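Listed here are the chains, written in short residue letters.
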Amino acid sequence: MTRSVPAIGRSPLRWGAVAVVAVTVFAISLALPVATWLPFGPGAAPAASPEPKVSLPEIESEVMCPICGTLLELSHAPAAQRERVFIRKLISQGKSKDEIKDALVAEYGGQVLAEPEREGINLWAYAVPTGLIILAALAVGVSIVRLRRNRSGEDAEPGNSPDGPAGTGPDRGDDDRLDRDMARFDL
Amino acid sequence: MKLRITLVAVGLALLLGLLTWGLIGKGDAGLKNGEPFPSTSLPTLPAGSMSSVADYRGEWVLVNVWASWCKPCRAESPALEEFNRRRGRQVAVVGVNTRDLSEDALKFMREYRIRYPQIRDASGDYSRELKTTGVPESFLVDPDGNLVAHYPGPFRDLEAVIDFAAPAFGGEPVERLGS
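Residues numbered from 1 in each chain as written. Chains lettered and ligands numbered in written order. Predicted model: local features only at pLDDT ≥ 70, side-chain atom pairs only at ≥ 80, totals over all residues. Heavy atoms only, no water.

So, on to the side chain of Arg99 of chain B. As for its position among the elements, Arg99 of chain B is in the loop between strand S4 (91–98) and helix H3 (102–111). The buried charged residue Arg99 of chain B lacks any salt bridge, with Asp121 of chain B as its nearest oppositely charged partner at 5.6 Å. For Arg99 of chain B, the residues in contact, after removing those within four places along its chain, are Pro66, Ile67 and Tyr108 of chain A together with Trp69, Asp121, Ala122, Ser123, Gly124, Ser127 and Arg128 of chain B. (Helix = DSSP H or I, 4+ residues; strand = E, 2+ residues; numbered from the N terminus. Buried < 20%, exposed > 50% of the residue type's maximum accessible area, 1.4 Å probe, protein only. Lys, Arg positive; Asp, Glu negative; His and termini not counted. Salt bridge = Lys/Arg side-chain N within 4 Å of Asp/Glu carboxyl O. Contact = heavy atoms within 4.5 Å.)

Right, here's the structure in full:
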């Protein structure tokens, strides 16, 4: 018994396959030019990353490591490394220093800032030293004025004047005491 | 002259008082068993609401303080999640994520399939309130909200967690040596 083999060349299946391939090739040829100008297409130029507005060292010197109690720039703890990764990510997104600090505060709280925020009770951290400096400057100023006034007062007294008459003022008192002492010792 | 001597004496007394206070404060190393457990309200993780250990009043609670950057926390996480899965009805497990990035913490939770509730101590203030000396640390709190046991360091396995939570099952707590 001979088995009848279907003539492949004439099979409707084969024609179907050819049609599918042809449609696919046509579709790819249409899609390729479109893909070249799509932003994420294979021929697309890499998306321009925003210009960094700040560097990592600039931030590191103004924020704290969350667990070490030191500036971030001084710490190599695992938590500090994660904080650095977070900062680098924000820098690469073109965030400003203030935006990055705000994001850090949102993550770790206000204590992450090396300088306390200038609001609320933290204002005392700025007001007290400033007030003390002003008070110290005032005290020095007043002392200098008083010292000058005293000196000019002493200079104005007649006995202290280099041109004044001899035997007057304090010098005269000294003369009197000398006379008394000499009289006492019969000199 | 007398005024000067008085001022110097007062200054010295203040200095001595500060030193004594500092020394006494340093000696107060941790929370004591039997004292009320601090229950500050903090944001949940993932964010969305506020929660505190006090929300679990009436239940035994195992409070675990952790961070994603802490390697021992990774090591103990499967045991804690397993404990939560098996004994969660008897002892509520509550995680306290401390001084961590929220994104990292969420990634950690996904990675270890942590299902028990979490609160977020971003600044570390709550950890300081708990007087922790590092991460991980765990606390067992009774239904009245009092501390029963403290476990500094990671649980090595599920058995260690069950031993620690023994008072919730009517036993004695098996605390880590040196705790």
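Turning next to the nonpolar core. Membership of the largest hydrophobic core comes to 31 residues, with the highest contact counts inside it found for Leu62, Phe83, Val91, Leu140, Phe155, Val161 and Phe164 of chain B. Of all the elements in the fold, those that place two or more residues in this core are strand S3 (60–66), helix H2 (71–87), S4, H3, strand S7 (147–152) and helix H5 (158–164) of chain B. It is H5 of chain B that provides the largest number of residues to this core, a total of five residues. Of all hydrophobic cores here, the second largest spans 19 residues; its members include Val54, Leu56 and Ala103 of chain A together with Leu101 of chain B. (Core = buried A, V, L, I, M, F, W, Y, C linked by side-chain atoms within 4.5 Å.)

Turning next to the state of the cysteines. Under the counting rule described, the total for this entry stands at two disulfides over all chains. The disulfide partner of Cys65 of chain A is Cys68 of chain A, and the gap between their sulfur atoms is 2.0 Å. Its S-S torsion of about 55 degrees marks the bond between Cys65 of chain A and Cys68 of chain A as right-handed, since a negative value means left-handed. Covalently, Cys70 of chain B is tied to Cys73 of chain B through a disulfide, its sulfur atoms 2.2 Å apart. Note on the Cys70 of chain B and Cys73 of chain B pair: the S-S dihedral is about 90 degrees, so by sign convention the disulfide is right-handed. The burial state of Cys70 of chain B is the same as that of Cys73 of chain B; both residues are buried. (Disulfide = S-S within 2.5 Å.)

Turning to the interface of chain A and chain B, a few remarks are in order. In this complex, chain A contributes 11 residues to the contact, which on the side of chain B involves 12 residues. When chain A packs against chain B, the two sides together hide about 1000 Å² of surface, and 51% of this comes from carbon and sulfur. Counting the surface chain A buries against chain B, the share from its top three residues, Arg82, Glu107 and Tyr108 of chain A, is 46%. Between the two partners, chain A and chain B, sit three salt bridges. Residues Arg120 of chain B and Glu107 of chain A are paired through a salt bridge, measuring 3.0 Å at the closest nitrogen-oxygen approach. Summed over the shared surface of chain A and chain B, the number is seven residue pairs in polar contact (both at pLDDT 80 or more). At the level of elements, helix H3 (78–92) and helix H4 (97–108) of chain A are the ones that each hand at least two residues to the side of chain A that touches chain B. Broken down by element, the side of chain A that touches chain B gets its largest block of residues, five residues, from H3 of chain A. In terms of residue class, the side of chain A that touches chain B is built from six nonpolar, two polar and three charged. (Buried area = accessible area lost by both parts, 1.4 Å probe. Polar contact = N/O pair within 3.5 Å; in protein donor to acceptor, adjacent residues only side chain to side chain. Nonpolar A, V, L, I, M, F, W, Y, C, P; charged D, E, K, R; others polar.)

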